[in-house]
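# Structural overview for review
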Amino acid sequence: MQLETGSVLRDYEIEKFLGKGGMGTVYLAKDSFLDRSVAIKELSPLLTADAECRRKLKMHHKRKFKLHQIKLSIISPLNLRVRRNHE
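What you are looking at is a predicted structure, and each value in this text was computed from that prediction instead of being measured.

### Let's talk about the overall build of the protein chain
Across its full length, the protein chain holds two helices and five strands. Tracing the protein chain from N to C terminus, the helices and strands come up as β-β-β-β-α-α-β.

### As for the pattern of salt bridges
Counted by the stated rule, this structure contains two salt bridges. The salt bridge involving Asp 35 is made with Lys 30; its shortest N-O contact spans 3.3 Å. The class for Lys 30 is partly exposed, based on a relative accessible area of 29%.

### Observations concerning the side chain of Asp 31
For Asp 31, the position within the fold is in strand 3 (residues 24-31). Here Asp 31 sits buried without a salt bridge, and the closest side chain of opposite charge, Arg 36, lies 4.4 Å off (N-O distance). A polar side-chain atom of Asp 31 sits 3.0 Å from the main-chain amide nitrogen of Leu 34. Excluding its chain neighbours within four sequence positions, the residues that come into contact with Asp 31 are Asp 11, Tyr 12, Arg 36 and Val 38.

### Description of the environment of Gly 6
With respect to the helices, strands and loops of the structure, Gly 6 is situated in the segment before strand 1 (8-9). Sequence spacing of Gly 6 and Lys 30 is 24 residues, and the spatial spacing of their C-alpha atoms is 10.0 Å.

### Concerning the confidence of the model for the protein chain
Per-residue confidence for the protein chain averages 76 on the pLDDT scale, and 74% of its residues sit at or above 70. Per-element averaging of pLDDT across the protein chain places strand 5 (residues 82-83) at the bottom with 45 and strand 2 (residues 12-20) at the top with 93. Confidence over residues 76-87 falls short of pLDDT 50; this stretch has 20 contacts with residues more than four positions distant or in other chains.

### Looking at the nonpolar core
Within the largest apolar cluster, eight residues are counted, these being Leu 3, Leu 9, Tyr 12, Ile 14, Tyr 27, Ala 29, Val 38 and Ile 40. Only strand 2, strand 3 and strand 4 (36-43) provide two or more residues apiece to this core. Sequence-distant contacts of Ile 40, defined by excluding residues within four places in its chain, comprise Leu 9, Tyr 12, Ile 14, Thr 25, Val 26, Tyr 27 and Ala 29.

### Let's talk about the side chain of Ser 7
Positionally, Ser 7 belongs in the segment before strand 1. Only 2.8 Å separates the side chain of Ser 7 from the backbone oxygen of Glu 4, close enough to count as a polar contact.

### Some thoughts on the packing of aromatic side chains
The relative placement of two aromatic rings is captured by the distance of their centres and the angle of their planes. Counted according to the given criterion, the structure contains one aromatic pair. When the ring of Phe 17 is compared with that of Tyr 27, the centres are 6.2 Å apart and the planes differ by 70°; the resulting orientation is edge-to-face. Placement of Phe 17 in strand 2 and of Tyr 27 in strand 3 is noted, with a sequence separation of 10 residues between them. Phe 17 sits in the partly exposed class, given a relative accessible area of 35%.

About the criteria used
Residues numbered from 1 in each chain as written. Predicted model: local features only at pLDDT ≥ 70, side-chain atom pairs only at ≥ 80, totals over all residues. Heavy atoms only, no water. Helix = DSSP H or I, 4+ residues; strand = E, 2+ residues; numbered from the N terminus. Salt bridge = Lys/Arg side-chain N within 4 Å of Asp/Glu carboxyl O. Buried < 20%, exposed > 50% of the residue type's maximum accessible area, 1.4 Å probe, protein only. Lys, Arg positive; Asp, Glu negative; His and termini not counted. Polar contact = N/O pair within 3.5 Å; in protein donor to acceptor, adjacent residues only side chain to side chain. Contact = heavy atoms within 4.5 Å. pLDDT = per-residue confidence, 0-100. Core = buried A, V, L, I, M, F, W, Y, C linked by side-chain atoms within 4.5 Å. Phe/Tyr/Trp six-rings, centres within 6.5 Å; stacked < 30°, edge-to-face > 60°.

This is how it looks when you write it as structure tokens:
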């Protein structure tokens, strides 16, 4: 299921669909708290269903962002609610 433009995920409003690949779908979003544009990757359910795969992805992102000194916010799918502008 592709997120619609205007969908809100916590502090992030989906602005547009950027692309889809083997790992999931990527969107351009606006971080309303920091007032900046961000990319959000929605991982494929096949990847998120496997605990070992989730652990490896988390380790990979920690190493990658430490290397580039980028701070990453992880949105847990368990406490994530999507709402539309018209709701």
